[in-house]
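Coordinates in review
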Amino acid sequence: MSTATRTGGGVPVLYPRGLPGLDRTLVMGIVNVTPDSFSDGGRWSDPRRAVAHGLALIDEGADILDVGGESTRPGAVRPPVEEELRRVLPVVRELAATGVPVSVDTMRAEVAARAVEAGATLVNDVSGGLADPAMLPLVAQAGTPYVAMHWRGHSAGMQTNAVYDDVVAEVVDELRLRAEAALHAGIPPDRLILDPGLGFAKHADHNWQLLARLREVVALGQPVLVGAARKSFLGHLLADPSTGLPRPAPLRDAATSAVSVLAAAQGAWCVRVHDVASTSDAVRVTARWGLEAAAAAMRMPLL
């Protein structure tokens, strides 16, 4: 279990050693350097623009920046490792040089190793170590915090694996196995973070069930990262009533902030978002409300 807890949203929030520890849920700003992201593909593929975007997210209130060079949208094709390195390394290096906490979003041990050398302080692996057997030993040796996400296969075919009897129970069980694998590989428990993997091998109803029962994921005893930013289950919920078309990804930020508030209230350590400014305000409000709620509960007379 992680070494300390803070209070956010009225419930304990675990936080990992080696990353910011604040009295609220943290905000991770997304810096996609891919040409094919579902949300902002191509906007930040130029390293100079990506760095400027990352620094702007810090100004808006991001606590961590997550730099990724491989799109993991459903159906995406993996780039060669050389291309992923070309996309990621200059941006990680420049952002880390400013003192900003930088995460590298990768499933490849080679990319993780090179990014850590360039200054990344967190490895965010959407495969939880399943895509590359060298990942867990690499992270253990590097000593960086590590995010293990729930995963059932690469993007090209992952939605065919979205079959569950009880999605929450199965995700919790599978995350527990990934946590055990990470600990067995030598990753310290106070540097391990779990992510339920919203949208990865999950249909819309699965995502809503996971959010409603997020405390069961938190109960695994590790800090929890939640990434709902602009995902399709929000677009379908907010579909145009006249056409039935999902709301476009860039117009899902208000809904993302609502999910971030509810995740924070259930004990999420960090939320991963595109629109940092609104989410940064939202988690601060949630934390303040939670503190008052906790204080009020302590003052309440017993019946």
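Anyway, here's the lowdown on the structure attached to this text. Position numbers for residues count from 1 along each chain, tracking the sequence in the order it is written. Since the coordinates come from a predicted model, pLDDT governs what is reported: local features require at least 70, and pairs of side-chain atoms require 80 or more to be given and counted, while whole-chain, interface and lining totals use all residues. Side-chain numbers here rest on the full set of heavy atoms in the structure, without hydrogens or water.

**Observations regarding the sheet that holds strand β10 (residues 270-273)**
What links the strands of a sheet is backbone hydrogen bonding, and the strands pair in either a parallel or an antiparallel sense. Pairing between strands is defined by DSSP: at least two bridges between the two strands are required. Secondary structure elements follow DSSP: runs of H or I of four or more residues count as helices, runs of E of two or more count as strands, with numbering from the N terminus. Taken together, the eight strands give an open sheet; going across it, the order is β8-β7-β6-β5-β4-β3-β10-β9, and neighbouring strands pair in parallel fashion. In this open sheet, the two edge strands, each paired with only one partner strand, are β8 (192-195) and β9 (225-226). Here strand β7 (residues 146-149) runs beside β8; their pairing, made up of four bridges, is parallel. Directly across from Met149, in β8, lies its bridge partner Asp195. Set on the sheet, helix α5 (residues 167-185) makes contact with β7 and β8; between it and β8 the angle comes to about 160°. The contact definition used throughout considers only heavy atoms, calling two residues in contact when any of these lie within 4.5 Å. Here, axes are lines fitted to C-alpha atoms. For helices the fit covers the stretch in contact, and angles between N-to-C directions go from 0 to 180 degrees.

**Details of the environment of Asp105**
Considering the arrangement of structural elements, one finds Asp105 in strand β5 (residues 102-105). For Asp105, a relative accessible area of 9% puts it in the buried group. The spacing of Asp105 and Gly68 is 37 residues in sequence and 4.5 Å in space, taken between C-alpha atoms. With residues up to four places along the chain from it excluded, the contact list for Asp105 reads Asp66, Val67, Gly68, Gly69, Glu84, Asn124, Val126 and Arg272. Under this definition, polar contacts are N or O atom pairs within 3.5 Å; protein pairs additionally need one hydrogen-donor-capable and one acceptor-capable atom, and for neighbouring residues in sequence, both atoms have to be side-chain atoms. Within the local environment of Asp105, its side chain forms a polar contact with the side chain of Arg272, the two groups lying 3.2 Å apart. We call a residue buried when its accessible area falls under 20% of the maximum for its residue type, exposed when it is over 50%, and partly exposed in between, using a 1.4 Å probe and counting protein chains only.

**Focus on the packing of aromatic side chains**
Given two aromatic rings, one states the distance between the centres and the angle between the planes to describe the pair. Centre distance within 6.5 Å is the pairing criterion for rings of Phe, Tyr and Trp, where only the six-membered ring of Trp is used; planes under 30 degrees apart are then read as stacked, over 60 as edge-to-face, and the remainder as tilted. One pass over the full model with this rule turns up one aromatic pair. An angle of 80° between the planes, with centres 5.0 Å apart, marks the rings of Trp208 and Phe233 as edge-to-face. Here the residue Trp208 occupies a position in helix α6 (residues 204-212), and Phe233 occupies one in helix α8 (residues 232-237), the gap between them amounting to 25 residues.

**Brief notes about α5**
With 19 residues, α5 should reach 27 Å at 1.5 Å per residue; the first-to-last C-alpha distance of 27 Å fits that figure. Those residues of α5 hidden inside the fold are in contact with α4 (135-142), β7, β8, α6 and α7 (214-218). Where α5 begins, one side-chain oxygen reaches toward the backbone nitrogen of Val168, 3.2 Å away; that side chain belongs to Asp166. Once α5 ends, the next one or two residues include Gly186, with phi positive near 110°. The length a helix should cover is 1.5 Å for every residue beyond the first.

**Considering unusual backbone geometry**
Note on backbone geometry: most residues besides glycine have negative phi, and most peptide bonds are trans. The backbone of Ala201 sits at a positive phi, close to 55°, despite the residue not being glycine. Structurally, the position occupied by Ala201 is in the loop between β8 and α6. Overall, Ala201 belongs to the buried group, its relative accessible area being 1%. A positive phi angle, close to 60°, is found at Arg230, a residue other than glycine. By secondary structure assignment, the location of Arg230 is in the loop between β9 and α8.

**Some thoughts on the side chain of Thr256**
If you trace the backbone, Thr256 turns up in helix α9 (residues 253-265). Under the relative-accessibility criterion, Thr256 is labelled buried at 3%. Within the structure, Thr256 has its side chain in polar contact with the backbone oxygen of Arg252 (distance 2.9 Å). When residues no more than four places from it in sequence are discounted, the contact partners of Thr256 are Ala228, Ala229, Arg230, Leu234 and Val273.

**Regarding the pairing of strand β3 (residues 26-32)**
By the criterion of burial, β3 is predominantly enclosed, with seven of the seven residues buried. Of the two faces of β3, both are covered, the one formed by Leu26, Met28, Ile30 and Asn32 as well as the one formed by Val27, Gly29 and Val31. Of the strand pairs in this sheet, β3 and β10 are connected by four bridges, and their pairing is parallel. Directly across from Val27, in β10, lies its bridge partner Val271.

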